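This is what each chain is made of:
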Amino acid sequence: MLIAEITKSRYTINNMSQKILLDKINVPGIKTYEVYRKEGGYTSVEKALKKLTPDEVVEEVKTSGLRGRGGAGFPAGMKWSFIDKKSGKPRHLVCNADESEPGTFKDRFLMEYIPHLLIEGMIVSSYALGANLSYIYIRGEYMWVYKILERAIAEAKAAGWLGKNILGSGYDLDLYVQIGGGAYICGEETALIESLEGKRGNPRIKPPFPAVSGLWANPTVVNNVETIAAVPWIVNNSGADYAKIGIGRSTGTKLISASGNIKKPGVYEIDLGLSVYEFMNSDEYLGGMSTDRPLKAFVPGGSSVPILPAHLIYKTAAGEDRLMTYESLSDGGFATGSMLGSGGFIVYDDRACIVRNTWNFSRFYHHESCGQCSPCREGTGWLEKVLHRIENGHGREEDIELLWSIQSKIEGNTICPLGDAAAWPVAAAIRHFKEEFEYHIRFPEKIKNRDHFVAEPFEKVRHLVSNVTV
Amino acid sequence: MKVTIDGQSIEVEPGTTILQAARMIGGEVVPPAMCYYSKLKGSGGKCRCCLVEVSKGSEADPRPMPKLMASCVTGCMDGMEVNSKSSERVQEARKSVTEFLLINHPLDCPICDQAGECDLQNLSFEHGKSKTRFIEEKRTFEPEDIGPNIQLHMNRCILCYRCVMVADQLTDNRVHGVMDRGDHSNISTCISKAIDNEFSGNMIDVCPVGALTDKTFRFKSRVWFNKPYNAHRNCDKCCGKTTVWMFGDEIQRVTGRKDEYHEVEEFICNECRFDHKDPKDWVIEGPRKFEKDSVINQNNYTRKLDKVEIATEKNILLGREVDRKKISMKTTPLTEEDIINQKNLGNHG
Amino acid sequence: MERKHYTQQINITDALMARINELLSHYPSDKRKSALLPILHEVQDAHDNWLSIELQDKVAEIIGIKPVEVYEVVTFYTMFNQRPIGKYMFEFCQTSPCCLNGVENLMDYTCNKLGVKVGEPTADGMFEVRGVECLGACGYAPMMQLGDFYQEHLTEEKIDQLIADCRDNKITLHDK
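About the criteria used
- Residues numbered from 1 in each chain as written.
- Chains lettered and ligands numbered in written order.
- Predicted model: local features only at pLDDT ≥ 70, side-chain atom pairs only at ≥ 80, totals over all residues.
- Helix = DSSP H or I, 4+ residues; strand = E, 2+ residues; numbered from the N terminus.
- Rg over C-alpha atoms; globule rule 2.2 N^0.38 Å.
- Buried ≥ 20, exposed ≤ 12 C-beta atoms within 10 Å, placed from the backbone.
- Contact = placed C-beta atoms within 7 Å.
- Nonpolar A, V, L, I, M, F, W, Y, C, P; charged D, E, K, R; others polar.
- Axes fitted to C-alpha atoms, helices over the stretch in contact; angles between N-to-C directions.
- Parallel < 35°, antiparallel > 145°, perpendicular 65-115°, else oblique.
- Left-handed = near helix turned anticlockwise from the far one by under 90°.
- Pairing = 2+ DSSP bridges.
- Domains from an automatic or database assignment.
- Expected span 1.5 Å × (residues − 1).
- Arc of directions from axis to C-beta.
- pLDDT = per-residue confidence, 0-100.

A word on the overall build of chain A
Stage number 1. Scanning chain A from terminus to terminus reveals 20 helices and 11 strands.
Stage number 2. Compactness check: chain A gives a C-alpha radius of gyration of 23 Å against a globular reference of 23 Å for 470 residues, within 12% of the reference.
Stage number 3. In terms of overall dimensions, chain A has C-alpha extents of about 75 × 50 × 45 Å along its principal axes.
Stage number 4. Across the 470 residues of chain A, 60% fall into the buried class.
Stage number 5. Sequence-distant contacts, at least 24 apart, represent 72% of the contacts inside chain A between residues at least 6 apart.

Notes on the overall build of chain B
Stage number 1. Scanning chain B for helices and strands turns up eight helices and 13 strands.
Stage number 2. Every one of the 349 residues in chain B was classed for burial, and the buried ones make up 40%.
Stage number 3. Looking at chain B alone, contacts between residues at least 24 apart form 63% of all its contacts between residues at least 6 apart.

Notes on the interface of chain C and chain A
Stage number 1. Taken together, the 37 residues of chain C in the interface contact 50 residues of chain A.
Stage number 2. Of all the elements in the fold, those that place two or more residues in the side of chain C that touches chain A are helix H2 (36-45), helix H4 (67-76), helix H5 (96-100) and strand E4 (149-151) of chain C.
Stage number 3. Grouping the amino acids of the side of chain C that touches chain A by side-chain chemistry returns 19 nonpolar, 11 polar and seven charged.

Some thoughts on the interface of chain B and chain A
Stage number 1. Counting residues at the interface gives 24 residues for chain B, matched by 21 residues for chain A.
Stage number 2. In terms of residue count, helix H2 (residues 88-103) of chain B provides more of the side of chain B that touches chain A than any other element does, six residues in total.
Stage number 3. Of the residues contributing to the side of chain B that touches chain A, the split by class is 12 nonpolar, five polar and seven charged.

Topic: H2 of chain C
Stage number 1. Extensive coverage of H2 of chain C is indicated by the burial of nine of its 10 residues.
Stage number 2. Within H2 of chain C, burial applies to Leu36, Leu37, Pro38, Ile39, Leu40, His41, Glu42, Val43 and Gln44 of chain C.

Notes on the packing of helix H6 (residues 106-113) of chain A against helix H8 (residues 143-158) of chain A
Residues and elements named next belong to chain A.
Stage number 1. With their axes 9 Å apart at the nearest point, H6 and H8 run at an angle of 40° to one another. Here H6 is positioned oblique relative to H8, judged by the angle of their axes. H6 and H8 meet at a crossing whose hand is left-handed. Within the contact between the two elements, H6 uses Arg108, Met111 and Glu112 and H8 uses Val145, Ile148 and Leu149.
Stage number 2. Looking at the contact of H6 with H8 residue by residue, the class counts come to four nonpolar, no polar and two charged.

Quick word on the sheet that holds strand E1 (residues 2-5) of chain B
All names here are of chain B.
Stage number 1. One open sheet holds the five strands; their spatial order is E2-E1-E5-E3-E4, and the pairing between them is mixed. Of all the strands in the sheet, the pair left with one neighbour each is strand E2 (8-11) and strand E4 (69-70).
Stage number 2. The pairing of E1 with E2 spans four bridges and is classified as antiparallel. Bridge pairing links Lys2 to Glu11 in E2.
Stage number 3. Running over the sheet, H2 touches strand E3 (51-56) and strand E5 (80-83) and is turned about 160° from E3.

Some details on the domain arrangement of chain A
Residues and elements named next belong to chain A.
Stage number 1. Its domain assignment divides chain A into domain 1 (20-244), domain 2 (247-349) and domain 3 (354-464).
Stage number 2. With 10 residues of domain 1 in contact, the opposing surface of domain 3 contributes nine residues.
Stage number 3. Of the residues contributing to the side of domain 1 that touches domain 3, the split by class is seven nonpolar, two polar and one charged.

Re the pairing of strand E12 (residues 250-255) of chain B
Residue and element names in this part refer to chain B.
Stage number 1. Pairing of strand E11 (residues 241-247) with E12 involves five bridges; the strand directions are antiparallel. Residue pairing across strands places Val244 opposite Val254, the latter belonging to E12.
Stage number 2. The hairpin turn running from E11 into E12, its antiparallel successor, is two residues long, and Gly248 in that turn takes a positive phi close to 65°.

Some remarks on the pairing of E11 of chain B
Stage number 1. Sheet topology places strand E10 (residues 227-232) of chain B next to E11 of chain B; six bridges connect them, and they run antiparallel. By the bridge assignment, Pro228 of chain B is partnered in E11 of chain B with Trp245 of chain B.

A word on the packing of H6 of chain A against helix H10 (residues 225-236) of chain A
If you want to describe how two helices pack, look at the angle between their axes and the distance between the axes.
Residues and elements named next belong to chain A.
Stage number 1. Relative orientation of the contacting elements H6 and H10 amounts to 50°, with a least axis distance of 9 Å. Relative to H10, the element H6 lies oblique. Two secondary-structure elements touch here, H6 through Lys106, Asp107, Leu110 and Met111 and H10 through Val225, Glu226 and Ala229.
Stage number 2. Here the residues of the contact of H6 with H10 are counted per class, giving four nonpolar, no polar and three charged.

Re the sheet that holds E4 of chain C
Residue and element names in this part refer to chain C.
Stage number 1. In space, the four strands of this open sheet follow the order E2-E1-E3-E4, with mixed pairing throughout. The open sheet has two edge strands with one neighbour each: strand E2 (127-132) and E4. Neighbouring strand axes in the sheet, compared pairwise and without regard to direction, differ in orientation by 30° on average.

Side note on unusual backbone geometry
Residue and element names in this part refer to chain A.
Stage number 1. Residue Pro207 is reached from Lys206 by a cis peptide bond, and omega for that bond is -5°.
Stage number 2. Following the sequence through the fold, Pro207 ends up in the loop between helix H9 (189-196) and strand E4 (220-224).
Stage number 3. Cis peptide bonds are those with omega within 30 degrees of zero, and the linkage from Pro207 to Pro208 qualifies with 5°.
Stage number 4. Along the chain, Pro208 falls in the loop between H9 and E4.
Stage number 5. The phi dihedral of Tyr42 is positive, around 70°, even though this residue is not glycine.
Stage number 6. You can see Tyr42 is positioned in the loop between helix H2 (33-38) and helix H3 (43-51).
Stage number 7. The backbone of Asn165 sits at a positive phi, close to 50°, despite the residue not being glycine.
Stage number 8. Relative to the assigned elements, Asn165 resides in the loop between H8 and strand E3 (174-179).
Stage number 9. A count of 10 C-beta atoms within 10 Å places Asn165 in the exposed class.

Considering helix H17 (residues 399-410) of chain A
All names here are of chain A.
Stage number 1. Helix length check: H17 (12 residues) gives 16 Å between terminal C-alpha atoms against 16 Å at 1.5 Å per residue, within 8%.
Stage number 2. Considered for burial, the residues of H17 that qualify are Leu403, Ile406, Gln407, Lys409 and Ile410. Buried residues of H17 fall within an arc of 160° about the axis and therefore sit on the same side.
Stage number 3. Just past H17, the residue Gly412 takes up positive phi, approximately 80°.

Concerning the environment of Gly286 of chain B
Residues and elements named next belong to chain B.
Stage number 1. Examined against the element boundaries, Gly286 turns out to sit in strand E13 (residues 283-287).
Stage number 2. Exposure remark for Gly286: the 9 C-beta atoms within 10 Å place this residue in the exposed category.
Stage number 3. When the C-alpha positions of Gly286 and Phe217 are compared, they lie 21 Å apart, and in sequence the two are 69 residues distant.
Stage number 4. Every residue in contact with Gly286, bar those within four places of it in the chain, is listed here: Tyr229 and Asn230.

Focus: the confidence of the model for chain A
Stage number 1. Predicted confidence across chain A gives a mean pLDDT of 94, with 96% of residues reaching 70 or more.
Stage number 2. Here residues 1-9 of chain A scores under 50 on pLDDT; set against residues more than four positions off or in separate chains, the count is 10 contacts.

Describing the environment of Ile313 of chain A
Residues and elements named next belong to chain A.
Stage number 1. By the element assignment, Ile313 lies in the loop between strand E10 (308-309) and helix H13 (326-329).
Stage number 2. Through-space distance from the C-alpha of Ile313 to that of Val276 is 7.3 Å; in sequence the pair is 37 residues apart.
Stage number 3. Residues within four places of Ile313 in sequence aside, it is in contact with Val276, Leu295, Phe298, Leu308 and Arg322.

So, the confidence of the model for chain B
Stage number 1. Mean pLDDT for chain B: 87, with 84% of residues reaching 70 or above.
Stage number 2. Taken together, the chains of this predicted complex give a pTM of 0.92 and an interface ipTM of 0.97.

Overview of the environment of Asp281 of chain B
All names here are of chain B.
Stage number 1. The topology assignment puts Asp281 in the loop between helix H6 (270-274) and E13.
Stage number 2. Judged by local crowding, Asp281 falls into the partly exposed class, with 15 C-beta atoms found within 10 Å.
Stage number 3. Distance in space between the C-alpha atoms of Asp281 and Ala93 is 47 Å, their sequence separation being 188 residues.
Stage number 4. Discounting chain neighbours no more than four positions away, the residues touching Asp281 are Arg233 and His276.

The following block contains the structure:
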């Protein structure tokens, strides 16, 4: 592919609620500084630097209820307020653009097609934190996006939005992009900081938290791309306006990366509170399944969150409509719920094999474990090996219990959340799809072909292992 | 600050970790530690052996901590209450970590020079199971030669990072490190380079397992057949205070002096460690003491025994007598009592 | 672990050195090590996409850090190659969403077409197929990375075209 070709958007999207982040995404040339500026870009910088104190910006973000969009969902304003301003050390804002949770590709979309939105957000957020040197850490595989950001930063600098004494306010900011080298673990904020220091991406032991001792032992805030990109709108309008969108503690809009067996995969901006049913089936969003095969399962928030079977997708166990909010998606806890996570929405039809998918995720976490702490280093590999055996027809009856035991021994016992992320998908698959594991173990000849459920979906053979007698 | 571990309270200075407080109390509350090393900055937190349960965060914030905490890197708070040995959750976690550390371990203790003074052996003795649930092929590494003094057995390594810290903190030119990642992480120089700075031998002492052993001692003796003595010499590079491990009049190995947590009291130089195996080079101070559960006790002088009695001695003698009688039945027929005894033995056997 | 040693022609051009110095300027003067990852990318791009030990030593020398600090980083991250690799590296994403859209069959197809196994370069050194983990393009599956760019919505026909374009020297690998 020629470079010229990738400058035009490959993906068209259009939906009613794209009002904050993707509002201008279809404006021709919005990638460029000129068009972005003409469309009202960088006004939040003018407003913040000329009219607001840093603390007032922090207050607006607090009021907005904006929660970290990387997956954990921690309130962004509160995270900002933890930064150590008393020590007198230099402070840093680091944007986490190491997007690599399987199922998630929203940040790349924002950065590729509207890079100045992130840069505008970085300037306002750095101002709020009193940071004079900030970085965007982007995953190595997004090399062309790294180049897009470097050019956008140069444009912004040339236009006077970066550097010394921005807009005559006395505020200085240098902003750079740092490229990673291929390691999912660097999405964990302390591993990211280590990597930004030119080291292996080994997560640090916390405390101390980055807000006290982060990049080069200076107070540091690490925020996801989407979180930072929401800040200009909040400053331009108000935190209260942002909080009007959404339901309860799930305020504002959220980017959802949708993939799998659906008609219209891609990135969507939704109002938090939209029902899962509407998101899945309305033509404005995913448009239903890609074929006439039935919905089997979905993962709502990236590979690490629990997978849910069809009957728990549109309704919670309590019979209420399942909504696209932090609270509703986790309703029922891990027994019958999942998590919004990073918004990586993966949909499976009945051709998909849950055992194979679980093995696939386990292979991913095994591959991405940094190897620093024993439960994760040893446990992720063990999970993968056992799952690989089962998927390839060499499972033993006791393996299901063994898998359950291994994941439970990893969960909660590791330095960073990668251990949990490796454990949860295995636990959820066994919790909701145990019969499928039993089928693999008892009928190895039937699963020899890796597409075993294409011709004969599990529903057709479930009676072979079903514990329910009719 | 007051902290309570398994019901025992102690006053500690701010900045004390839970593990340090537990070591001050001593005894069974002390969590095992495979990666933490008090003399190495930044060590700890990795092996997860020392996980404890914080049932009360502090007087100011009494909420319990939801997750088990690595006691070696968690600071004490005033009023904190901790469960270590007394917590089933903690015991379960230690069992889990032990299992994880062993699944890919070669379990080659019979030919390992560390056997007898290995922290992983001790950990398995305390928290391990006699049966493995791991039926997959074990991970192995290609051997690497790291020079004339130190033998690297990567298959035994538990990635505690202590040897890397020794090289970083004791020398100014570290040439080895942790390469690759995940379960393929390995200690290496990457280029089969000899690790030859003056303090590199301390990597052997800090290694909790048999991954780094003394090449000059290789296969010379099981550690429990050596008699350890404290000794010293005038050294212009280090403190010169060591433990020499003797077999008869021969010094087979020289190490740093290790405390009850197997940490050296002071680091020593390579000259003292590798180049002075002649007893005349040393002033021998006297026998070294060990904690009572160490296998090295088998051959040292910490306990004077008046009479050696094996617990099953009586049964053994009885069994031998029975055998003797069976063989020579004609001349010495069994009495009624003998027959009863033989039956009982059979039942027990 | 013992590693096989490969030799490489090292050539730090003025343009490359200028770029390295620019990258170093992004960090405080006493934090030069921070520039390691970006510098490794630049140096690798300029050296047939791989980094010999000698080249890594050179990077250490330029930054002023120990060689082992570079080795530790190079071996940790998947994008740094430690051996000569195929000129056109087809890196297929093989994580779940791509599998749902048939990437495994497509990888088999590509390997058959090129007559290679995964991880082995073709005899002429032109191509190599590799399976990698999630590249963050799940909505556009199946996909692969080729040089600095993504090739998405792949089909057998697209693979054929890409191979032909590579052979005709029509593919740009790096965005410089």
